[in-house]
Amino acid sequence: MRRRNRSAEFLMVASMLLALGCGGSSETIGPPSGLEVLAGNNQSATVAQPVVVSPTIRVRDKDGHNLTAITVRFTVLSGGGSVFPDTAITDANGVAVAPPWTLGTKSGANTLKAQASGLVTSVTITATGTAAAPSNLAAVDQVNFAALVQTQISGQPTVLVTDGFGNPVAGVTVTFTVVLNNGSVTGATPVTDASGRASLGGWTLGAAAGVNRVSASVAGTNSVLFEAQGLSGAPTIVSASTTTQAGILGAMVPKVPQVRVINSLGQVVGGVPVRFAISGGGDATVLGPLAISDPVTGIAAPADWRLGPAGTTSTVIATLPGFPGPSVTFNATGTFSPFLIDVRFLSSATPAQRDAFASAAARWMQIIVGDIPDVPVSLTAGTCASGASPALNETIDDVVIFAQVTGIDGVGGILGSA
C-alpha cells in the first residue's frame, strides 16, 4: 500500500510540474496594441528648422510588453514641414526615435502623426513654429501725414517687422529718428507686439513749413521713411469732379471722385493726405482710400470706387485726417446689368486713365445684354496678364480684365499699339 501511495504522489507532482511548464511556454508577445509618446511633444522651434528634441515613441502589446523591430511611420499632418526619412524601427525597449522633423515656414502649430505597422490607431505630436530673426521692415497703413507747423500729427507711424518668410516678429526694438526739418518725437523706441507691429508715440513737426521726415529702423533690416507736410495754415478741400452720378451695380462708377486741397488763399497744397470712405451703400468699396494731393494740381483721388452688387445707392465722403471739418460728399446710384465686366488694375493709373477704362467697360455692358453662367475659377499667380496677375480662387461673373498702364514708347516712337 505504501509503495502505491508513493507512486501516486510522484505521478501527481510530475503532472503538476508538467502543467506549470506548459503554461509558461504558451505566453505570446504582440501584436502592437498601443503607442506612447516618450519625448518631443509640445515643444517650440524656429520656423524652417528641425525640432531640438526628436519625437520618441514606444510600441507595446496589450500586455504591456515592449515590441522590437516594429516599423513606425511619421507623417506631417499640418504646418507644412517635413520628416525624412519617414520611418523608424523600434529597438529592444520598443522605442522608435523619429528622423529629423523640420517645421514649416509659417509660425504657429505643426503636427506630426506616428503610426506603428499593423496598428490602426496613432498618436499626434505637436510643435510650435516661432518666427526667425527680423528680415524686413514695412510701413503699416499710412506713410504720409499733414499738420500745422510745430504741432503734433494726428495718427501714429506704424511698422511691421517680419522674418524672411513673412512671419511677424515680436519683441523687436524699433528706432524712430527725425531726419528732416528738426521736429521731435516721443516714444521713439517701441517694441513690436505679438503681431510684429510697433508705433511711434508722437511726432511734432518742425517750425519751418514744408516736408518733415522720420525714419524707422531695426538692426539687420531695411529702414522705412514717414513723411509729414508742415502747413502754416489749415487746408480745406473742394470737389474737383462730379459729386452725383449713375453707374452699374457691381462695377466701377464712371468717374472716380476727386478733390482739390487748397489753403485760405485758394492756392493748391500738395503732399496732404485725403481719406475717401464709404458712408452708405452697404457693399460698395473704395480701393486705395488714402490719397496724397498732387504738388502741382492739389488733386487727390482714390484708386477706384465700385458699387456693390445689391445696394442701389452709395456715398463716399472725402476728409482731411487731422483737420476736422472740411469734407466733400459724393453719391452714386446703380442700375442692374445682366452682363458685368470687372476691370482690375495691376498698376497705378491717373484718374483720367482709370475713367477711360470705366467708360469703355460701361459701354460694352450696355451693348452686351446676355448673361454668362458664373464660373468657379482657381488659378495660380502669374497665369494671366503676362505673368503679373494675382492668384484667383473665386466665382467669376462674367468677365475679369487685368489692366496695366505702362509706358510702351521707345527709340523711334510708336505710332500705334493694340
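Everything numeric in this text was worked out from a predicted model, so none of it was measured. (Residues numbered from 1 in each chain as written. Predicted model: local features only at pLDDT ≥ 70, side-chain atom pairs only at ≥ 80, totals over all residues. Heavy atoms only, no water.)

Asks: Explain the nonpolar core residue by residue, including any values.
Replies: Val259, Val274, Phe276, Trp305 and Phe330 are the most contacted members of the largest nonpolar core, which totals 23 residues. Secondary structure elements with two or more residues in this core: strand S22 (259-262), strand S23 (273-280), strand S28 (313-319) and strand S29 (327-335). Among the elements that make up this core, the one with the highest residue count is S29 (3 residues). With near-sequence residues (within four places) excluded, Val274 lies in contact with Val259, Val261, Pro289, Leu290, Ala291, Ala300, Ala318, Thr319, Leu320 and Pro321. Core analysis: the next-biggest nonpolar cluster, separate from the first, contains 22 residues, Phe74, Ala96, Leu103 and Ala116 among them. (Core = buried A, V, L, I, M, F, W, Y, C linked by side-chain atoms within 4.5 Å. Buried < 20%, exposed > 50% of the residue type's maximum accessible area, 1.4 Å probe, protein only. Helix = DSSP H or I, 4+ residues; strand = E, 2+ residues; numbered from the N terminus. Contact = heavy atoms within 4.5 Å.)

Asks: Break down the pairing of strand S18 (residues 210-217) for me, citing the residues and quoting the values.
Replies: By the bridge criterion, 5 bridges tie strand S14 (residues 175-180) to S18 in an arrangement that is antiparallel. Along S18, the bridge assignment pairs Val178 with Val214. Bridge count for S18 against strand S19 (residues 223-231) is 8 bridges, and the pairing is antiparallel. Each residue of the ladder has a partner; that of Val211, found in S19, is Gln229. Here S18 hands over to S19 after 5 residues, with Gly220 in that stretch at a positive phi of 85°. (Pairing = 2+ DSSP bridges.)

Asks: Report on the pattern of salt bridges, specifying residues and quantitative values.
Replies: Enumeration according to the criterion identifies 12 salt bridges in this entry. Where Arg354 meets Asp304, a salt bridge forms, and the shortest distance between an N and an O atom there is 2.7 Å. A residue pair is termed long-range when its members are at least 10 positions apart, and Arg354 in helix H2 (residues 351-367) and Asp304 in strand S27 (residues 304-306) qualify at 50 residues. Each member of the pair, Arg354 as well as Asp304, carries the same accessibility label: buried. (Salt bridge = Lys/Arg side-chain N within 4 Å of Asp/Glu carboxyl O.)

Asks: Can you lay out the sheet that holds strand S4 (residues 71-78) for me, pointing to particular residues and giving the numbers?
Replies: If you walk across this open sheet you meet the 5 strands as S2-S10-S9-S4-S6, and the pairing is mixed. One side of each edge strand has no neighbouring strand; the edge strands of this open sheet are strand S2 (43-46) and strand S6 (87-89). Across this sheet, the average inter-strand angle for adjacent strands is 30°, counted without regard to direction. Taken together, the 3 bridges between S4 and S6 define a ladder with antiparallel strand orientation. Paired with Val72 across the bridge in S6 is Ala88. (Axes fitted to C-alpha atoms, helices over the stretch in contact; angles between N-to-C directions.)

Asks: Report on the sheet that holds S22, specifying residues and quantitative values.
Replies: In space, the 3 strands of this open sheet follow the order S20-S22-S26, with antiparallel pairing throughout. Two strands bound the open sheet, and with one partner strand each, they are strand S20 (236-239) and strand S26 (299-300).

Asks: Describe the packing of aromatic side chains, with residues and values.
Replies: The tally for this structure, following the rule as stated, stands at 2 aromatic pairs. Geometrically, the ring pair formed by Phe176 and Phe226 is tilted, given 6.3 Å between the ring centres and 40° between the ring planes. One end of the pair, Phe176, is in strand S14; the other, Phe226, is in strand S19, and 50 residues separate them in sequence. Taken as a pair, Phe176 and Phe226 share a single burial class, namely buried. (Phe/Tyr/Trp six-rings, centres within 6.5 Å; stacked < 30°, edge-to-face > 60°.)

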